[in-house]
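Given next are the chains, with one letter for each unit.
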Amino acid sequence: MKRHFHELSVAGTLVLLLLVLAVLAPGFFEPQPLLSRLATAAPRLVVACGVALVILTRQIDISIGSLFGVCSVAAGLVATGPTGIPGALATSMLVGAVGGAVNGTLVAGLGLPSIVVTLATMVTLREGLRLWRQGVFINLPDAMQWFGLPMMRGQAVVCLIAVGVLVALALMTRHLAAGRYLYAVGSDAEAARLAGLRPRLTTFLVFVGMGALVGAAAVMNLVQSPQVDPSTGRGLELEAIAAAVVGGVAVSGGRGSLWGVFAGFLLLSCINPALTYLGVKPYWDKASQGAIILLAVVADGWRRRRGGT
Amino acid sequence: GPSNNSASGDGATQTAGGSGKKLMIALMPKSKGNAYFVSCKQGAERAAKELGVDLVFDGPTNPDPAKQNEIIENWITLGVDAIAAACENRDGISTALRKAQAKGIKVITYDSDAQPDARSFFVNQATPEGIGYTLMDEAGRLVGPSGEFAIITASLTAANMNEWQKHIEARRKEKFPNLKMVALRPCDDLKDKAQAEATTLLGAYPNLNLIMAICSPAVPGSAEAVKQAGKAGKVKVIGLGLPSENRRYVKDGVTDSVILWKTEDLGYLAVHAAKGLADGTLKPGAKSYQAGALGQFEIVGDHLLLGKPFIFNKDNIDQFNF
Amino acid sequence: MDRRLSSGQPGRVRGLLGGARPVISSLLKLGSVTKSFGAVRALRGVSFDLRPGEVHALLGENGAGKSTLIKVVSGAISPDGGTLEIAGSPVRHLTPASAHRLGIACIYQQPALFADLTVAENIALRLEPVAPLRRVRWNPRRQRARELLAQVGSDVSPDAEVRALSMPEQQLVEIACVLGAGARIVIMDEPTASLTRREQERLFAVVKELRGRGVGIIYISHRLEEIFALADRVTVLRDGESVGTRDLKASAAGESPLSESELIRMMVGREVSHIYPPSESKPGEVALAVRDLGFRASGVQGVGFEIRVGEVVGLAGLVGAGRTELARVLFGLTPADHGEIRLAGQPVSIDSPAQAVAHGIAYVPEDRRRHGVILDLPIAHNMTLAIHRRLFPGTWLRFGAERRLALDFIRDLGIKASGPEAPGGSLSGGNQQKVSVARWLATHPKVLILDEPTQGVDVGAKSEIHRIIRRLAREGMAILMISSDLPEVVGMSDRLLVMRHGTVVAEMPGGSSAHDVMAAALGQTGVTA
Amino acid sequence: MMNPALRRILVRHETLLVVVLILEVLFFATQGRNFLTPDNLTNIIRHSVEIGLLALVMMPIILTGGIDLSVGSLLGLCAVTFGKLWRDAGWGWEWAALGTVVVGFVAGGGNALLITALRLPPLIVTLGTYSLFRGLAEALTRGVDAFTGFPEGFLFLGTGQWLGLPAQAWLFGLVAVGIGLWVHNTTFGRSFRAIGFAPEGARYAGVPVERRLALAYVLAGVVAALASITYTARFGTAKADAGTGYELAAITAVVLGGTSIFGGVGSVGGTLLGVAAIAVLTNGLSRLPATMSSASELSGVFTGVLLLLALGAGILPKAIAALRDRRSSAQTPAQPVP
Ligand SMILES: Nc1ncnc2c1ncn2[C@@H]1O[C@H](COP(=O)(O)OP(=O)(O)OP(=O)(O)O)[C@@H](O)[C@H]1O
Ligand SMILES: Nc1ncnc2c1ncn2[C@@H]1O[C@H](COP(=O)(O)OP(=O)(O)OP(=O)(O)O)[C@@H](O)[C@H]1O
Ligand SMILES: [Mg+2]
Ligand SMILES: [Mg+2]
């Protein structure tokens, strides 16, 4: 209880918001639009999980939004070819993993600070993509949509993939030695080295994994509409990082859980639709978003302050 | 293709109007990487080639009025001969454009205007009023005298979209008082976000009759949402967008009509008129302008009229590929 | 590991004094190992060997290169040159992981624990082989941790986060790690620096048991009595070179046993008196008085005592008795939630260290790496950090004055550093401690609280610090000295306080017998409270 | 052997940036059109003042190991406040400016309070206020309202020249010198470094950590307000979207300037050089015939590349030394033992 107070306070805020909705706008919980909204959110959850792992190892990746765009375009271009969905997925994950490997090499290999490295790759990828594609949409073949399944099934599949990734990573970080190594490296890289772990390799692999997850998420997003907007993913990094830190992953590494990330993610991605359902004027969007982020973390701060240290 | 073919390597302090030297014309979009302006640029490049001028095409990567000013100020010191700008913020950019005029640079605006004293001509593809009225009339025609509609815009601060909304609202009050505008949502100029917003709107407002998407990525985004919600035909989609991005939805009957002008012609005319202004073929007070291959254009006051906005629908959309 | 290719070649034991001894198979053999950090030559060709079933002590002044040497053995750093043989086979690239596989376990001078993780997990990460795909089994981990901790006499919960542990508790966790490793070679770099007598004895029992199992142990400590109690042989390092290896057990090879003063001479190159300087001040006014003081969350409550001007008051107790916690209350780190503090008769409230400093209270913390020295900051900046107001009136930095002050302290305390600009982290452990002490001496406080002031400090510097403490007392400072070094605390104090369970349970005159102090600390009857 | 003092200067990050800056200027002066003209230099200065101001106050914050993501949004909120006070409340622009600074102070104080009193991580707090401040600006104006038609006397601050320099350059210079002295020559800067390296260590040394941190964040608020005023005066219009993305631009300049994102290390001079290197690059690219039409995108790409190169060059000596270390340690044990 004490250990998970932060996650609980975030979850508490979420429950509060949902209660308000249940009273004032019960339509929010109608199954069909809900499923659609969940499917839209699913790829972002995958990215948030990935970035949580990165932050756990005391790094950060702000290039994921740009990488998401690059992966989407790459997958879109391949999808029009003969290899279809598997080809698109493989390409996307490969492109993502390569992008992650570049970040990882610079961070783990050369020891450059990750925020700087990924800031650089963020602008480079984003502007490079703009130069290359000029913002022109890519039309996808029809078979691409919902992996060729009927829509509802497709939406369910997308959501299940996201939940699967979440659960797999949550179990991995808690119950697999490799997951615990992330915590160890994030908590103290030198101590990890002395304990016989390989912090640099770990960091590198986390970045590669992050990239691959971005690639997978790009495809999960791609199947939801018949066109690729090359600007897609803009601002995604902030959304994902916000979900992770609001969910209690410490930016100083080594602390936090994916369940917290899940709570943080749900809270943040509920706010916008909630405001629409509540009929709040859109110019209150950002202010409410900010206020709710602060609300969710203030409770935790309050407790810690009263707890002494 | 390559956006300019300038070969003038010398950094001489050449000012406007120098004879025997290629003119340099600068064209500014509201933001780069936006398909609408990419299409304008194609026309602009065609005009530049025909006229033998150097074309510079640059603008902010995201709609950012301050950045527009910075680029124009850089163009002034760069020594371009004429500037054609699509203005994100009417008042903000006028300061910079006036400065350009004071330095002898010819200025026209296109797509969205600046203040009248900050430019010589406005290449008018459609006035904000015209756009607003057309959209509202189209909505009224599709929905009938009473019902609900929602607007999806790029951002709450986008100046021209706010301008359009003003006219939409005016027209609504005047002609369709029982058509209710129930919600306005921003989509950050992202198609995916527009799709998500539209999905939420459809759930939150079960009686919605129409979605009006006034930024180009929002039209296909909204259409996809309506289609996925199984409300095609029940909830109409209209908006401002490119035919190429909307063709499938228009043909499927999800999107009823997309309103736009010939964007390539807009770019072409903007560059052509800027060149005319710079070399004296177009003078203030003129009543018409001969723009190369596109023919004669009427001038009303200081507005160069491109023609009325065009409504693309099922019947005619296949004839256009931009 | 049965490729015993080489037996000891006589050429390689150059520099060892005891060359006449018959060569027996050695667990570990270092030949002419060198290592430099930039311009600092930490090791200049050291040879060393360790036999099975022996406790081999490494001795030397602060900065002599002891920790560097053992880091070479544990694979933490790679040497610039020299040879390394483990169980007879030469080893080239030793990494921490391969050292672990070869059966080497190490307690570093600074605990290498993961602050964000629990004790059980810390132990598991050190003991379980690296196998990323293995499932983590939490309950066995906890069980194992509980057993090991019990063996070293620690009652911290396996689920406690390491960041919440005090320095000695962390050290016990480190010892538990080594104990569980089942290693053939165990290295301990100042394991007792902040342990009290009881834990120390526990540790000795552990070491003896390991020795009995044929494990070779390298043991580093600045407490000579420990060396004599425990070690079979001792190697002395000076300035990165080996001065010699000696037998401490008289029975071996008929040598006369080494005396303490000889050992000190080997280390320091001169005589150092090992006698505590006598108290010469007469206590004056009451400088600090506390009544019923405490901070419940840390278990400190109902503390009352007073310290007079010119008095050195020792504070003894077991690990976890609450001595550090009491100091933290007095220094405003965890402000008191009940009770009263009076400074020179005036009641004051101390809510933050900044306020404590303003009131003339200084505190030399026990965890020098986390609290005592800012490792990345030059030592000059470290030394002036607490006297900004006085040294830099109007907040304007005066670099010359700062440098002069730093140079004075470097000279006075004999700090081994390349200069005032050297970052604190580049110093050896003992020298860091001196920097930490220097910072607070610079404040000229009215009340000085010292928490383990001589932990990790070599004999020479230790007696220097003792002399300084005496001088400060004579000059009118009131000093509260927390120390786990029982002889030290008994020898230095004018008066002794003993803490137990978060409160002061006994007060004794200086020079009381160590036995009485221990009895009080353990809560044994027959002692007046 | 090289004189050690000289070597220390040569391997400093700032030296590297000076070289980069000189190369940029030389390149653009020879290859670009009308680069080295007084008007263009004025442009470069004018266009970098706001981001420069934000970078100057971001630097001490990063020095303490923190970050402030809210400065760009706060600039927007302050611009809108200024417009409201001037137009709707009818204050004179001088008073409106003062009122805006007060708003900046309060907003910075809000950040400071949450960070120090509740000990919340700066990243989360300012992520929240990043949305909150922008949101308030939008709510105040419903996103739509724009303030314009400011008096000449006010616009002079953003468009006028004084003693041969753009008016806002004087303000910028003043703030730069002030913060430079503050960070490098007073005990405040020293405390910031100590906190950046080890917050607990600083607390144990009696540094009033909370007060120092609060000061840095409050100052950021005040300077963001000043930046909103020069921004409005330069642009002639105040709107809720003012300063969008400036926080990232400022952070980029600060890290390019050699300030460690982990705290403790950095210099104000480096920050200024970082600002200048990016400003010159952005401006210069719009003057090369080959890049005129893609200057906006390329300046992003090259800033990224520059960032990597500058940081890479910074660690290069260390990396080479480490490599040599590894090689020599790999060789030595292989030598036969005599
Ligand atoms: N990482 C480092 N960087 C630079 N110099 C170092 C580093 N580590 C150690 N040194 C230097 O190497 C020398 C030997 O240090 P070492 O830590 O081995 O001493 P020690 O014998 O363990 O001393 P102590 O008894 O104080 O722990 C010292 O002069 C120290 O300053
Ligand atoms: N009675 C108690 N109740 C709860 N916690 C306690 C109690 N006594 C000690 N502790 C905890 O035990 C830990 C060790 O305490 P502390 O560091 O004060 O011991 P100490 O006497 O200073 O020993 P040393 O000086 O050897 O570290 C602290 O984290 C403290 O919170
Ligand atoms: Mg040591
Ligand atoms: Mg203690």
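The shown structure was predicted, so the numbers you read here are calculated from the model rather than taken from an experiment.

## Structural notes on the interface of chain B and chain D
- The interface of chain B with chain D comprises 41 residues on the first partner and 31 residues on the second.
- Summing the contributions of chain B and of chain D, the shared interface buries around 3100 Å²; its carbon and sulfur component is 45%.
- Taken as a group, Thr77, Leu78 and Thr157 of chain B account for 20% of the area that chain B buries against chain D, more than any other trio of residues on that side.
- Taken together, chain B and chain D are joined by three salt bridges.
- Linking Glu297 of chain D and Lys32 of chain B is a salt bridge whose minimum nitrogen-to-oxygen distance equals 2.9 Å.
- Along the contact surface separating chain B from chain D lie 19 residue pairs in polar contact (both at pLDDT 80 or more).
- Breaking the side of chain B that touches chain D down by element, the ones donating at least two residues are β2 (54-57), α2 (65-78), α3 (90-102) and α5 (159-175) of chain B.

## Focus on the site of ligand 1
Residues and elements named next belong to chain C.
- As a matter of local geometry, ligand 1 sits amid 19 residues, with Gly63, Ser67, Thr68, Ser426 and Gly430 nearest to it.
- Within the side chain of Ser428, one N or O atom sits 2.8 Å away from an oxygen atom of ligand 1.
- At 3.5 Å, a backbone N or O of Gly429 approaches an oxygen atom of ligand 1.
- Burial of ligand 1 by the surrounding chains reaches 84%, relative to a free accessible area of 630 Å².
- The set of elements that each furnish at least two residues to the shell around ligand 1 consists of β2 (40-50), α1 (66-74) and α15 (429-441).
- With three residues, the top contributor of residues to the shell around ligand 1 is α1.
- Broken down by class, the residue content of the shell around ligand 1 amounts to five nonpolar, eleven polar and three charged.

## Focus on the pairing of strand β12 (residues 295-300) of chain B
Residue and element names in this part refer to chain B.
- Where strand β11 (residues 288-291) lies against β12, four bridges are found, and the strand directions are antiparallel. Bridge pairing in β12 links Ser288 to Glu298.
- The turn joining β11 and β12, which pair antiparallel and follow one another in sequence, is formed by three residues; a positive phi near 45° is taken by Gly292.
- Bridging between β12 and strand β13 (residues 303-305) involves two bridges; their strand directions are antiparallel. When the bridges of β13 are listed, Ile299 appears paired with Leu304.
- Linkage of β12 to β13, two consecutive antiparallel strands, is achieved through a turn of two residues, within which Gly301 is found at a positive phi near 65°.

## A word on the coordination of the magnesium ion (ligand 3)
- Surrounding the magnesium ion (ligand 3) are the protein donor atoms Ser67 of chain C (OG) and Gln109 of chain C (OE1), at 1.9 to 2.0 Å. Taken together, the positions of Ser67 of chain C in helix α1 and Gln109 of chain C in the loop between β6 (104-107) and α3 (119-127) put the pair 42 residues apart, joining distant regions of the chain.

## Structural notes on the coordination of the magnesium ion (ligand 4)
All names here are of chain C.
- Coordination of the magnesium ion (ligand 4) by the protein is provided by Thr324 (OG1) and Glu366 (OE), with metal-donor distances spanning 1.8 to 2.6 Å. Separated by 42 residues along the polypeptide, Thr324 in helix α9 (residues 323-330) and Glu366 in the loop between β16 (361-364) and α11 (368-372) bring together distant segments of the chain.
- Classification of Thr324 as buried rests on a relative accessible area of 17%.

## Some thoughts on the nonpolar core
- Counting residues in each nonpolar core, the largest one holds 327 residues, and the members touching the most others are Tyr110 and Met212 of chain B together with Leu28 of chain C.
- Apart from the residues within four sequence positions on either side, Met212 of chain B is in contact with Leu135, Met136, Ala139, Phe149, Ala150, Ile151, Ile152, Ile168 and Ile238 of chain B.
- Residues Val313, Leu333, Val373 and Ile449 of chain C belong to the second largest nonpolar core, which totals 72 residues.

## Structural notes on the confidence of the model for chain C
- For chain C, per-residue confidence averages 87 on the pLDDT scale, and 93% of positions sit at 70 or higher.
- Contacts from residues 1-23 of chain C, a stretch scored under 50 in pLDDT, to residues over four places away or in other chains number 33 contacts.

Calculation rules
Residues numbered from 1 in each chain as written. Chains lettered and ligands numbered in written order. Predicted model: local features only at pLDDT ≥ 70, side-chain atom pairs only at ≥ 80, totals over all residues. Heavy atoms only, no water. Contact = heavy atoms within 4.5 Å. Buried area = accessible area lost by both parts, 1.4 Å probe. Salt bridge = Lys/Arg side-chain N within 4 Å of Asp/Glu carboxyl O. Polar contact = N/O pair within 3.5 Å; in protein donor to acceptor, adjacent residues only side chain to side chain. Helix = DSSP H or I, 4+ residues; strand = E, 2+ residues; numbered from the N terminus. Near = heavy atom within 4 Å. Areas by Shrake-Rupley, 256 points an atom, 1.4 Å probe, with all protein chains shown as cover. Nonpolar A, V, L, I, M, F, W, Y, C, P; charged D, E, K, R; others polar. Pairing = 2+ DSSP bridges. Donors = N, O, S within 2.8 Å, 3.2 Å for Na, K, Ca; no water. Buried < 20%, exposed > 50% of the residue type's maximum accessible area, 1.4 Å probe, protein only. Core = buried A, V, L, I, M, F, W, Y, C linked by side-chain atoms within 4.5 Å. pLDDT = per-residue confidence, 0-100.

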